[in-house]
Amino acid sequence: MSVLSRMVERRSVRKRAADIAHLHELIAPVSGVRLLDVGGGTGAATQRFATGCAEVVVLEPDRKKVAEGRRLRPSIRFEEGQAEEIPFPVGAFDRVTSVVAFHHMENQERALEEMRRVLSDSGRIVLFELPPSRAPGPLFRWIAGYRHAGHMAFHGPDELTAKLRAGGFTNVSSLAGDTGYFVVATR
Ligand SMILES: C[S@@+](CC[C@H](N)C(=O)[O-])C[C@H]1O[C@@H](n2cnc3c(N)ncnc32)[C@H](O)[C@@H]1O
């Protein structure tokens, strides 16, 4: 990973400190919780909000981020892969998170199906997303184009909660955050 990418990542984690603390509360890492963070990058945010989980796995398609994550954060398990094809069995996790990554997923319905499949029976999904009004502008998109996948599709909280309900999730709700919003649901 380039120095620029690392600086962008550090700045982004600092900017989202309040939301990351809130994510930790929503994950509620009671004893034995197994967490999967989909599109977790190098795990810079994950290591903060996943404190207290028994097992933490980051799934990330960008090979360089996976290598950097493994180097910097040996307590987290990093796997290379996409949300649309999660390389874990049914019910492998008690919590699934995806933090400012859902808008990058090209097949969001399939990604939700996969995230639901790997959740245990009473497992919880916690998404953190940006509404369309906060979607990055053309300059940032151009910069981001070489940092990760160019595809981006943003939704507001109502649209995203509707997608989760359509995907079979229950107890779906959304909450406002500081720099974006959360959607929480049960498998
Ligand atoms: C803005 S970064 C967020 C990284 C991290 N979650 C964080 O909060 O710092 C979005 C991440 O989503 C990943 N991503 C893109 N397409 C994906 C897909 N189909 N499945 C899983 N992750 C994906 C990118 O490689 C990138 O690391």
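It should be emphasised that the depicted structure is a prediction, and the values quoted were computed from it without experimental measurement.

On to the site of the ligand. Around the ligand, 21 residues are found, and the nearest of them are Gly39, Gly41, Ala83, Ala101 and His104. In terms of residue class, the shell around the ligand is made up of 10 nonpolar, 7 polar and 4 charged.

For the rest of this paragraph, the subject is the pairing of strand S3 (residues 77-80). Here 4 bridges tie strand S2 (residues 55-60) to S3, and the two strands are oriented parallel to one another. Across the sheet, residue Glu60 finds its bridge partner in S3, namely Glu80. What joins S2 to S3 is helix H4 (residues 63-72), and the crossover it makes is right-handed.

The next subject is helix H5 (residues 108-117). Buried within H5 we find Ala111, Leu112, Glu114 and Met115. Across the axial projection of H5, the buried residues extend over an arc of 160°, all falling on one side. The secondary structure elements touched by the buried residues of H5 are strand S1 (34-38), strand S4 (93-99), strand S5 (119-129) and helix H7 (157-166).

On to the pairing of strand S6 (residues 170-176), then. Little of S6 is tucked away, with 0 of its 7 residues classed as buried. Across 5 bridges, the pairing between S6 and strand S7 (residues 181-186) is antiparallel. Bridging from a neighbouring strand, Thr170 pairs with Thr186 of S7. Once S6 ends, the chain turns through 4 residues before running back antiparallel as S7.

So, how was this worked out
- Residues numbered from 1 in each chain as written.
- Predicted model: local features only at pLDDT ≥ 70, side-chain atom pairs only at ≥ 80, totals over all residues.
- Near = placed C-beta within 6 Å.
- Nonpolar A, V, L, I, M, F, W, Y, C, P; charged D, E, K, R; others polar.
- Pairing = 2+ DSSP bridges.
- Helix = DSSP H or I, 4+ residues; strand = E, 2+ residues; numbered from the N terminus.
- Right-handed = clockwise from strand over helix to strand, strands pointing away.
- Buried ≥ 20, exposed ≤ 12 C-beta atoms within 10 Å, placed from the backbone.
- Arc of directions from axis to C-beta.
- Contact = placed C-beta atoms within 7 Å.

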